[in-house]
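Coordinate analysis (summary)
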Amino acid sequence: MSKPRVAIIGAGPSGLTSIKQCIDDNLEPVCFEASEHTGGLWRYTEIDDKNEDPHSSIYKSIIIITSKDVMSFTDFPVPYEWPTFLHNSKVASYFDLYTEKFKLNPYIRFQSPVKRLSIQSDKKWKVTYSNPKNEECEEVFEYVMVCTGHHRYPRLPKYIGMDKFVGKQMHSHFYRKPGDYDNKRVIVVGCGNSGMDIAVELSGVASQVYLCTRKGTLPWILPRRIFGSLPSDHLATRFNTYLPAPIRDLIVKAIAHCTVGPHPPEFAPKTAPSASHPTIKTEFMERVSTGTIIVKPNISELKSDSSVVFVDGSVLSDIDAIIYATGYDIKFAFLDKEIISGGEKVEQQFEEEYRENLVWLYKYIFPPKLPNIAFIGLVQAIGAIMPVSELQAQYVTSLWTGKLYSKLPTQDEMEESIRSNQETLRKRYYHAARHTIEADMIPYMDDLAKDIGCLPYLPKVLLKYGPKLWYQVLFGLPSPTHYRLFGRQAWDGAAEAIRKQNEGSPAIVMCGYPIAIIFSMLLGLILIIMIKWGLISRCTGLF
């Protein structure tokens, strides 16, 4: 009996882990990759006459903002001897090692861009693509996994006078090196990770850099490291998820104030840290304090004389370039939009900007009407996307092969779940196109893991692996390898990998032990009060 065939679109990290998962679950994957290589946007690509619109948005200097232990695939940790935060070339090398280790290359068809996905009357998918000879081809598959991500189509703001401004205008997607801006006056629009990173880099060569915040305030800004050696994402422990949001917000505020420094008062955040996507850039406030970066409010109008007017009435003259770090449109050129957005009836329930990037997918994976197509990596995880995509892929193949612990809900139930999730997002975040696919890494992965059967239940961890590993899973860094301790795809090396990742970890010393001491003190205090009030003697009489 032949294996069910799965078309996988894209050989970036989401596509690679989907190939592996299909192999592990005895499915036949065929991966269509438009370029000549794997790695997706993490493979640095120069812009030239032959490649004016590359898929990759990576610029030459970019370093990933998540630590290696948090970005690892669950059963393939980043080599321990590698740096804590990887340059983009190292990230691409890690994907090469993953591809080689699990022998994924034979399943990939390079230079084979997908042109069209269409569902047939028998519910199978017809994939129309171009082969390396630029010939149009068609094949039919039982299942499809779309792994092209959401950083492909640059999203530009709509300012008056953009068509008249004579200076250079470009999206950050096309930014590569700072040399082109030597001694220039540059405005960077947008203060997410890309905007701040580019602004800081340009501040070393440009005559002046201005960072324009469209919302009127800066985001919460965190460093890569705190206390000198502790990666800040190591504090996002499993224990941290049990803390009330106000407590987590207080911790983030304290870290931001003590490490990066206070925000300029007129641009200080007006929302809680948990109500926005944080920006990771240690050096930003330092550049603001030196005047090499000046923060400005939103733009009102661009003028033909190279001047820019802001909403507060201020004007900047002789602007040479504007770089828009303003995010991306979520769309797939080979697929009908309504499959992702839920259709016009659903879209009309939301304001224009929000619905332009609306994703109406169950668990950010399945269209309610089409459970044989899955979107992998179409989620903005506050954490790392690689292990999130991996668990999504495992969830999908487990469903398709009948190994999922629970059945997929009915279409109506999925619709209601999506609506409930969107209501939660809109209560937590301000309404913007960038907030339609937000998720917290550990809670989201835990939700998938429950149905897969690989959730690291703390009592099970304690009983099987002992108190030391239990302690590291609860208070240690949020290692994706937690999800290989149990389940049908458990990895024999998982426990040792977790121990090694937490070996000498400042997170354990600085956070775990104090928390454990405080917890013990509180428990002792409760016992003293119970003894004083005679509650213990009353309770013991019941046994």
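What you are looking at is a predicted structure, and each value in this text was computed from that prediction instead of being measured.

**Re the domain arrangement of the chain**
In terms of domains, the chain is made up of domain 1 (5-152 + 330-450), domain 2 (156-326) and domain 3 (457-534). Placing a centre on the C-alpha atoms of domain 1 and another on those of domain 3 gives a separation of 32 Å. With 23 residues of domain 1 at the contact, the number on the domain 3 side is 14 residues. In total, about 1600 Å² of surface goes out of reach between domain 1 and domain 3, with carbon and sulfur atoms giving 55% of it. Broken down residue by residue, the surface that domain 1 buries against domain 3 is led by Asp69, Thr74 and Tyr80, which jointly contribute 36%. The tally of links from domain 1 across to domain 3 stands at 3 salt bridges. For the pair domain 1 and domain 3, the number of links is 8 residue pairs in polar contact (both at pLDDT 80 or more). Listed by contribution, the elements that provide at least two residues to the side of domain 1 that touches domain 3 are helix H1 (13-24), helix H2 (68-71), helix H10 (385-400) and helix H12 (441-452).

**As for the packing of aromatic side chains**
To describe a pair of aromatic rings, one takes the distance between the centres and the angle between the planes. Following the criterion strictly, the structure yields 23 aromatic pairs and no others. Seen from their ring centres, Phe76 and Tyr94 are 5.7 Å apart, and the 20 degrees between their planes marks the pair as stacked. You can see Phe76 sitting in the loop between H2 and helix H3 (88-101) and its partner Tyr94 sitting in helix H3, a full 18 residues away along the chain. Here Phe76 falls in the buried class, since its relative accessible area comes to 14%.

**Side note on unusual backbone geometry**
Positive phi is not limited to glycine here, since Asn26 has a value of about 60 degrees. Residue position: Asn26 is located in the loop between H1 and strand E2 (28-32). If you check the backbone angles, Asn183 has positive phi at about 65 degrees while not being a glycine. In this fold, Asn183 is placed in the loop between strand E9 (168-171) and strand E10 (185-189).

**Focus on the sheet that holds strand E5 (residues 125-130)**
Pairing within the open sheet is antiparallel, and its 3 strands lie in the order E4-E5-E6. Every other strand in the sheet has two partners, leaving strand E4 (114-119) and strand E6 (136-141) as the edge strands with one partner each. Between one strand and the next, the sheet's axes are offset by a mean angle of 20 degrees, whatever the strand orientation. Judged from the 5 bridges that link them, E4 and E5 form a sheet pairing that is antiparallel. Paired with Ser118 across the bridge in E5 is Lys126.

**Some points on helix H11 (residues 411-428)**
Here H11 is 18 residues long and its end C-alpha atoms lie 26 Å apart, about the 26 Å a rise of 1.5 Å per residue gives. Buried residues of H11: Met414, Glu415, Ile418, Gln422, Leu425 and Arg426, and no others. Looking straight down H11, one finds that the buried residues subtend no more than 110 degrees of arc, so they occupy a single side. Exposed and facing more than 90 degrees away from the buried side of H11 are Asp412 and Lys427. Next to the buried residues of H11 lie helix H9 (352-356) and strand E24 (438-440).

**Here we look at the pairing of E5**
Within E5, 5 of the 6 residues are buried, leaving the element largely enclosed by the surrounding structure. Hairpin connection, E4 to E5: the antiparallel pair is bridged by 5 residues, and Lys123 has positive phi, about 75 degrees. In the sheet, E5 pairs with E6 via 6 bridges, with the strands oriented antiparallel. Looking at the pairing, Val127 lines up with Glu139 of E6. Count of turn residues in the E5/E6 antiparallel hairpin: 5 residues, of which Asn134 carries a positive phi of about 65 degrees.

**Things to note about the pattern of salt bridges**
The tally for this structure, following the rule as stated, stands at 26 salt bridges. A salt bridge links Arg428 to Asp440; the shortest N-O distance between them is 2.6 Å. Pair noted here: Arg428 is in helix H11 and Asp440 is in strand E24, with a separation of 12 residues, a long-range link. What makes Arg428 partly exposed here is its relative accessible area of 29%. Using a relative accessible area of 27% as the deciding quantity, one classes Asp440 as partly exposed. When salt bridges that share partners are traced, they join Lys20, Asp24, Asp75, Glu390 and Arg484 into one network.

**Considerations on helix H4 (residues 193-202)**
Burial analysis of H4 places 7 of its 10 residues in the buried class, the great majority of the element. Among all positions in H4, only Gly195, Met196, Asp197, Ile198, Ala199, Val200 and Leu202 are buried.

**As for the sheet that holds strand E22 (residues 373-375)**
Reading across from one edge, E3-E2-E1-E7-E22 is the order of the 5 strands in this open sheet, with parallel pairing throughout. Each edge of the open sheet carries a strand with a single partner, namely strand E3 (108-109) and E22. Contacts between H1 and the sheet are confined to strand E1 (5-9), E2, E3 and strand E7 (143-146), with E1 contributing the most and set at about 170 degrees to the helix.

**Digging into the environment of Ile382**
Among the secondary structure elements, Ile382 is positioned in strand E23 (residues 380-382). Among the residues examined, Ile382 registers a relative accessible area of 24% and is labelled partly exposed. Along the backbone, Ile382 and Thr481 are 99 residues apart, and their C-alpha atoms lie at a distance of 18 Å.

The rules behind these values
- Residues numbered from 1 in each chain as written.
- Predicted model: local features only at pLDDT ≥ 70, side-chain atom pairs only at ≥ 80, totals over all residues.
- Heavy atoms only, no water.
- Domains from an automatic or database assignment.
- Contact = heavy atoms within 4.5 Å.
- Buried area = accessible area lost by both parts, 1.4 Å probe.
- Salt bridge = Lys/Arg side-chain N within 4 Å of Asp/Glu carboxyl O.
- Polar contact = N/O pair within 3.5 Å; in protein donor to acceptor, adjacent residues only side chain to side chain.
- Helix = DSSP H or I, 4+ residues; strand = E, 2+ residues; numbered from the N terminus.
- Phe/Tyr/Trp six-rings, centres within 6.5 Å; stacked < 30°, edge-to-face > 60°.
- Buried < 20%, exposed > 50% of the residue type's maximum accessible area, 1.4 Å probe, protein only.
- Pairing = 2+ DSSP bridges.
- Axes fitted to C-alpha atoms, helices over the stretch in contact; angles between N-to-C directions.
- Expected span 1.5 Å × (residues − 1).
- Arc of directions from axis to C-beta.

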